[in-house]
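Residue-level structure breakdown
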Amino acid sequence: MGDGMSEKSASWQADNLGQSTKPQGFIRHHPSELMLRSVLSGRYCSTSPEITPQTRVLDIGCMYLNNLIPFHDRGCACTGVEINADMLAISRSAAEAQGLAIALHEGRNQALPFEANSFDLLLAINVIHYEDDGHGLKAALREYHRVLAPAGRAFIVSAGPEHYLRASAERLGPNQFRIAYSDFRRGQVMAYFDDLQQMKMMMGEVFDPVSTGRLMETHDQASVDFFYGMGVKG
Ligand SMILES: C[S@@+](CC[C@H](N)C(=O)[O-])C[C@H]1O[C@@H](n2cnc3c(N)ncnc32)[C@H](O)[C@@H]1O
């Protein structure tokens, strides 16, 4: 089992996010541009899925539901999971504010409250690295694979070495990094894929085929670096 109801899990809460209490009320968050290209356009990623109103989509760590909206727009059956009651309340209020019909449940990378073969597309966008180490990454990948139907796709995004949160982290060992950046995650241990080849290899232990890609943005204050993998359940 992952980190249970650890301090790390409990640190995901409205007070630490700050964005849920803007005076204007609810503000929509934009979907991941990397996801829009990789999943919804057939041009970029060789394993991108076909999206139809029959597609069952699960978003892990769905927070503001921003990454489910493009699928909701296309009539897909959308489900989200969040890690604790506080985060689930954020997702519920995002659904209510936008009139979104999305099924919401409490769940985590390693323990998803669904039967095997329940989804056609699983999104794990910047959530798998909240595992503690390489064993946690592998257990999460097995759980993602379990809930996907045959030919289902897992779209997984995690931080690469130039990402501001990871670049300043202390590397403790293979796949283990202690966050030094000063936000609520400071001091927490994260599990990152060491490099893109390793992400492809670890995903390849359960998915076949696996396509990978990377997005980097450089700014003068903080830069981002994202690895992605799209795996097919054979
Ligand atoms: C950086 S946010 C990403 C939110 C959203 N996926 C996005 O891309 O906008 C990380 C999310 O992971 C969730 N999370 C943290 N630990 C988790 C775990 N062990 N399993 C699943 N989700 C987790 C948090 O509650 C939060 O929603």
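Going by the structure above, here's the rest.
In this report, the structure presented in the accompanying data block is examined. (Residues numbered from 1 in each chain as written. Predicted model: local features only at pLDDT ≥ 70, side-chain atom pairs only at ≥ 80, totals over all residues. Heavy atoms only, no water.)

1. Let's talk about unusual backbone geometry
In the segment running from Asp208 into Pro209, the intervening peptide bond is cis, with an omega of 0°. Take Pro209: it is sitting in the loop between α8 (196–204) and β9 (210–217). Phi is positive for Asn126, which is not a glycine, with a value near 60°. Within the secondary structure, Asn126 is located in the loop between β4 (119–125) and α6 (134–147). Of note in this structure, Ala151 is not a glycine but carries a positive phi near 75°. Tracing the chain through its elements places Ala151 in strand β5 (residues 148–159). Among the residues examined, Ala151 registers a relative accessible area of 46% and is labelled partly exposed. (Helix = DSSP H or I, 4+ residues; strand = E, 2+ residues; numbered from the N terminus. Buried < 20%, exposed > 50% of the residue type's maximum accessible area, 1.4 Å probe, protein only.)

2. Description of the state of the cysteines
For the structure on display, the rule yields zero disulfides. With no disulfide of its own, Cys76 lies 5.7 Å from the sulfur of Cys78, the closest cysteine sulfur. For Cys76, a relative accessible area of 7% gives the class buried. (Disulfide = S-S within 2.5 Å.)

3. A closer look at the sheet that holds strand β6 (residues 170–173)
Here three strands make up an open sheet; going across it, the order is β6-β7-β8 and the pairing antiparallel. Bordering the open sheet on either side are β6 and β8 (189–190), each of which pairs with just one other strand. Judged from the two bridges that link them, strand β7 (residues 176–178) and β8 form a sheet pairing that is antiparallel. Residue Phe177 lies in a different strand from β8, and its bridge partner there is Met190. (Pairing = 2+ DSSP bridges.)

4. A few points about the packing of aromatic side chains
The final tally for this structure, using the stated rule, is six aromatic pairs. Geometrically, the ring pair formed by Trp12 and Tyr130 is edge-to-face, given 5.2 Å between the ring centres and 85° between the ring planes. Here Trp12 is found in the loop between α1 (7–10) and α2 (14–17), whereas its partner Tyr130 is found in the loop between β4 and α6, with 118 residues between them in sequence. Residues Trp12 and Tyr130 agree in their burial class; the two are buried. For the ring pair Phe114 and Phe119, a centre distance of 4.9 Å and an interplane angle of 85° mean the geometry is edge-to-face. Note on accessibility: Phe114 and Phe119 belong to one class, buried. By way of ring pairs, the aromatic residues Trp12, Tyr130 and Phe184 are connected into one cluster. (Phe/Tyr/Trp six-rings, centres within 6.5 Å; stacked < 30°, edge-to-face > 60°.)

5. Considering the sheet that holds strand β2 (residues 77–82)
Taking strand neighbours across the sheet as the criterion, the seven strands line up as β3-β2-β1-β4-β5-β10-β9 in an open arrangement whose pairing is mixed. At either margin of the open sheet sits one strand with a lone partner, and together these are β3 (103–106) and β9. Direction aside, the axes of adjacent strands within the sheet are offset by 15° on average. Bridge analysis of strand β1 (residues 56–60) against β2 gives five bridges, and the strand direction is parallel. Across the sheet, Val57 pairs through a bridge with Cys78, a residue of β2. With respect to the sheet, α6 is in contact with β1, β4 and β5, its orientation differing from that of β5 by roughly 145°. Sitting on the sheet, α8 touches β5, β9 and β10 (224–232), and the angle it makes with β10 is about 25°. (Axes fitted to C-alpha atoms, helices over the stretch in contact; angles between N-to-C directions. Contact = heavy atoms within 4.5 Å.)

6. Remarks on the environment of Gly213
Residue placement: Gly213 occurs in strand β9. Between the C-alpha atoms of Gly213 and Cys45, which are 168 residues apart in sequence, the distance is 8.1 Å. Discounting chain neighbours no more than four positions away, the residues touching Gly213 are Leu196, Phe226, Phe227 and Tyr228.

7. Points about helix α3 (residues 33–40)
Three or four residues apart is the spacing at which side chains of an α-helix point the same way, because the helix has 3.6 residues per turn. For α3, the complete set of buried residues consists of Leu34, Met35, Ser38 and Val39. With its buried residues spanning 95° around the axis, α3 presents them on a single face. (Arc of directions from axis to C-beta.)

8. Quick look at the site of the ligand
By nearness alone, 16 residues border the ligand, and Gly61, Glu82, Asn109, Ile125 and Val127 come closest of all. Contacts to the ligand include Gly61, whose backbone N or O atom sits 2.8 Å from a nitrogen atom. At a separation of 3.4 Å, an oxygen atom of the ligand approaches a polar side-chain atom of Asn66. For the ligand, the protein covers 91% of the area, taking 600 Å² as the surface of the free molecule. In terms of residue class, the shell around the ligand is built from eight nonpolar, five polar and three charged. (Near = heavy atom within 4 Å. Polar contact = N/O pair within 3.5 Å; in protein donor to acceptor, adjacent residues only side chain to side chain. Areas by Shrake-Rupley, 256 points an atom, 1.4 Å probe, with all protein chains shown as cover. Nonpolar A, V, L, I, M, F, W, Y, C, P; charged D, E, K, R; others polar.)

Function cannot be read off these values alone, since they describe shape.
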